[in-house]
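Each chain, letter by letter, is given below.
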Amino acid sequence: MRSASCSKSGDWGADVRITERDLHAGSRPEAPPEPRRASGESASGRRWSARLAALPWGAVLTAGIVVAFALGVLLSGPDGLGGVRDFVTVLIRRPRVAVNSLRHAADLPTLYMDIAFADYQRLVTQRNYAVQQGALGDRAEPQLAPATFTLGDDRVEVEVGLPPDVGDAFAGEQWPLYVEFPAADDDGTALCACERALLLPADAQSRQHWGFLTTLQREGGATTPYRVLRVTVNGKSWGLFALTGLPPDAGQDAYVAFDARDFLATYAQAGAALADDGFAYARVVASAEDADDREQAAQRMQRLYEGTLPPARVLDAEAWGRYLALTTLWYGAPTRDWRTLLWRYRPADARFVPVGAGWMGAPTEFPLPDAFARAPEIQAAYLRALQTYSDPAYLEQLQASLAPELDALCWATNIALGYPPLPWDALAAHQAEMRALLHPRQPVRVAVSESEGMLVVRVANLTAFPVEVTGLNVGESAWVALDREQMILAPAAERPMPQQPWIEAADRALLVDAPDALVLRSRSGATPAYIRLYVPLGQLPEASGEVEADTRFWGLDAE
């Protein structure tokens, strides 16, 4: 039989043992003899003494330490009193979340930045200018100031400045910093693996950034380093930041990006979003040690930017499709912010691979033009990736592998970020939306008429992906197969004898150049665009009935 015991020493007398049988029977153990009271002690005093003595002082002391530690952690942040208020609220409503968040609040390392007062004031002046003007888009190189970074045992001399960005990025108490580290061979520290980096204020999306970058890396994609830590500047806590690496100005690999400084300068003057999301002001910039690689990369991206090279001949379709699908999984929409998107160039096949970076913008704020993602080959690759990453079994495997690290990051950042929920429910919801893309209720719209002994079937693609039309169902009495190799694309003046289905040549622009299939390009614009299929009435029974199109997404594996 199990038993529980409680012992007290000194004036409290002998041990008291309470067995499990006693608890069930409702019996009470024999009380210890009452201690002798001092002369003149009142009954009320005796009762209060007994109550105080009966308190679990170990638990009270522990609670006091926890509260003191909590106040110290919370008050040390940029919004100390607000942090205390949020902590108390969560402690009442979700005590487990509050306690675990407090236990792990100190798990993140602290980066200490020391900078001369005059240099810091120059940064503040620049920051105020950016807020007042609406953007920091000076074409000149960043004005850098010397500073010292200390992280654990690593101490390194760096140069810091403000990166070009919209004014809102500098409006809060935390603002981003551009950092240049010395070459690793010169210093030998492990603080940052890159020579250039950004320190960005952390927010709830920082967890998504970490999760996306880790997932993309595990799926074979290219990423930049990303690390969440606390930052203290000249002894004052700045809160949570993300340290994310930038490619070197001249590295072994060639990188291409779109410089946004012209856009930011114009944005500051206009005071509002510009046409085409400002992409007309983008400037292609390339970096690489090899001058030929740098020039070739810049030229090919420039031609893609100008529309003289199709995306399928410039971009790695599979890598780009995987990138878009994983951003859809983690952010709920394909993220392709042109200001922050980075590309790595492969000279061997003259293709670009997207690089997952920790400074990505919002999914729909400043997106790349649709032309970068509307190539049928890229759309088909995106569909295949959606099919893989929307599978609930994939999320189960992902959660099993990422949960230990990601959950730990969430616990450690809860207090500073306002206790956002863990991301797994959001990922499951995003997967449901991805599956809905793969199974549209009405992929095409069909309209039917008769003309000169032909059944004219007009078909329009209503989806954002290429759709293959495999045949026509005519009521329940006939099925007409549509094989592009057996169909004729001809102008109206050269119509063939009505012996087989055919398409007018004027509709060729609406078709994907697929040799063995009739594939409609994805929908573009608000009004559906129809192709015209001509089917000889002699191939159909007299009682036709309603005509429906059999379709499937082109390039997607059959389920």
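Section: helix H8 (residues 204-218)
Helix length check: H8 (15 residues) gives 22 Å between terminal C-alpha atoms against 21 Å at 1.5 Å per residue, within 8%. For H8, the tally of buried residues reaches eleven of 15 residues, placing the bulk of the element in the interior. Where the residues of H8 are buried, they touch strand E10 (222-223), strand E11 (226-233), helix H11 (317-331), strand E16 (351-356) and helix H13 (392-417). Between the side-chain oxygen at the start of H8 and the backbone nitrogen of Gln 205 there is a gap of 2.9 Å, and the oxygen is on Asp 203.

Regarding H13
Within an α-helix, residues lying three or four positions from one another point in the same direction, as the helix has 3.6 residues per turn. With 26 residues, H13 extends only 29 Å from end C-alpha to end C-alpha; this falls clearly short of the ideal 38 Å at 1.5 Å per step. Along H13, the sharpest kink reaches roughly 60 degrees, centred on Ala 403 and followed within four residues by the proline Pro 404. One side-chain oxygen of the residue at the start of H13 lies 3.0 Å from the amide nitrogen of Ala 393, identifying that residue as Asp 391. Directly after H13, the chain includes Gly 418, whose backbone phi takes a positive value near 85 degrees.

Examining the sheet that holds strand E5 (residues 145-151)
Read once around its circumference, the closed barrel built from seven strands follows the order E3-E5-E6-E8-E9-E12-E11, with strand pairing classed as mixed. Pairs of neighbouring strands in the sheet enclose a mean axial angle of 40 degrees, with direction left out of account. Note that strand E3 (residues 110-115) and E11 share four bridges and pair parallel. Looking at E11, one finds that Tyr 112 is bridged to Thr 232.

Observations concerning the side chain of Asp 316
Looking at where Asp 316 falls in the secondary structure, it is placed in the loop between helix H10 (291-306) and H11. Separated by 3.2 Å, the side chain of Asp 316 and the backbone nitrogen of Glu 318 make a polar contact. The residues touching Asp 316, leaving out its near neighbours within four places in the chain, are Arg 346, Arg 351, Phe 352 and Val 353.

Considerations on the confidence of the model for the chain
Confidence in the prediction of the chain, expressed as mean pLDDT, is 79, and 74% of residues score 70 or more. Residue range residues 68-76 is modelled with pLDDT below 50. Its contacts to residues more than four positions away, or to other chains, number 15 contacts.

Details of the sheet that holds strand E15 (residues 342-346)
The mixed open sheet is built from five strands, whose spatial order is E10-E16-E15-E13-E14. Strand pairing shows two members of the sheet lacking a second neighbour, E10 and strand E14 (283-287), which therefore form its edges. Pairing analysis gives five bridges linking E15 to E16, with the strands arranged antiparallel. Opposite Tyr 345, over in E16, you have Phe 352 as the bridge partner. Contacts from H10 reach strand E13 (254-259), E14, E15 and E16, with the element oriented near 155 degrees to E14.

Rules and cut-offs
- Residues numbered from 1 in each chain as written.
- Predicted model: local features only at pLDDT ≥ 70, side-chain atom pairs only at ≥ 80, totals over all residues.
- Heavy atoms only, no water.
- Helix = DSSP H or I, 4+ residues; strand = E, 2+ residues; numbered from the N terminus.
- Expected span 1.5 Å × (residues − 1).
- Buried < 20%, exposed > 50% of the residue type's maximum accessible area, 1.4 Å probe, protein only.
- Contact = heavy atoms within 4.5 Å.
- Polar contact = N/O pair within 3.5 Å; in protein donor to acceptor, adjacent residues only side chain to side chain.
- Bend = angle between axes of the 7 residues up to and from the residue.
- Pairing = 2+ DSSP bridges.
- Axes fitted to C-alpha atoms, helices over the stretch in contact; angles between N-to-C directions.
- pLDDT = per-residue confidence, 0-100.

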